[in-house]
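A look at the structure
Letter by letter, the chains look like this.
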Amino acid sequence: MPDMKLAITAVEYIIGTVIAIALGDYLGYKIGRMRLAIILGIIALAIVVLFTIYAAVVLA
């Protein structure tokens, strides 16, 4: 059974990666690669800040 769980997880990662690549390619074409990179950078920074706040509240 652990082998089946590992296989399912691997397939999920592969499908997620393919979807992310296709979506990034499409959005890069529609709105421009530089603008897409800036937007994703801002989103990543916001996620890090929110996680930091969450961790500080949980650990306090």
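Predicted model, so just to flag it, every value in this text is computed and none were measured.

1. Looking at the packing of aromatic side chains
Per the counting criterion, the structure on display carries one aromatic pair. Taking the centre distance of 6.5 Å and the plane angle of 40° together, the rings of F51 and Y54 count as tilted. On the criterion of helical spacing, the pair formed by F51 and Y54 is a turn pair, its members being three residues apart in helix α2 (residues 33-59). The exposure classification of F51 matches that of Y54, with both residues exposed.

2. Some thoughts on the packing of helix α1 (residues 2-31) against α2
Where α1 meets α2, the closest approach of the two axes is 7 Å, and the angle between their N-to-C directions is 120°. For the element pair α1 / α2, the angle class is oblique. Contact with α1, carried on its side by G24, D25, L27, G28 and I31, involves R33, R35, L36 and I39 of α2 and no other residues of that element. Of the residues assigned to the contact of α1 with α2, the class counts are four nonpolar, two polar and three charged.

Conventions we followed
Residues numbered from 1 in each chain as written. Predicted model: local features only at pLDDT ≥ 70, side-chain atom pairs only at ≥ 80, totals over all residues. Heavy atoms only, no water. Phe/Tyr/Trp six-rings, centres within 6.5 Å; stacked < 30°, edge-to-face > 60°. Helix = DSSP H or I, 4+ residues; strand = E, 2+ residues; numbered from the N terminus. Buried < 20%, exposed > 50% of the residue type's maximum accessible area, 1.4 Å probe, protein only. Axes fitted to C-alpha atoms, helices over the stretch in contact; angles between N-to-C directions. Parallel < 35°, antiparallel > 145°, perpendicular 65-115°, else oblique. Contact = heavy atoms within 4.5 Å. Nonpolar A, V, L, I, M, F, W, Y, C, P; charged D, E, K, R; others polar.

Interpretation in functional terms is not warranted from these geometric data alone.
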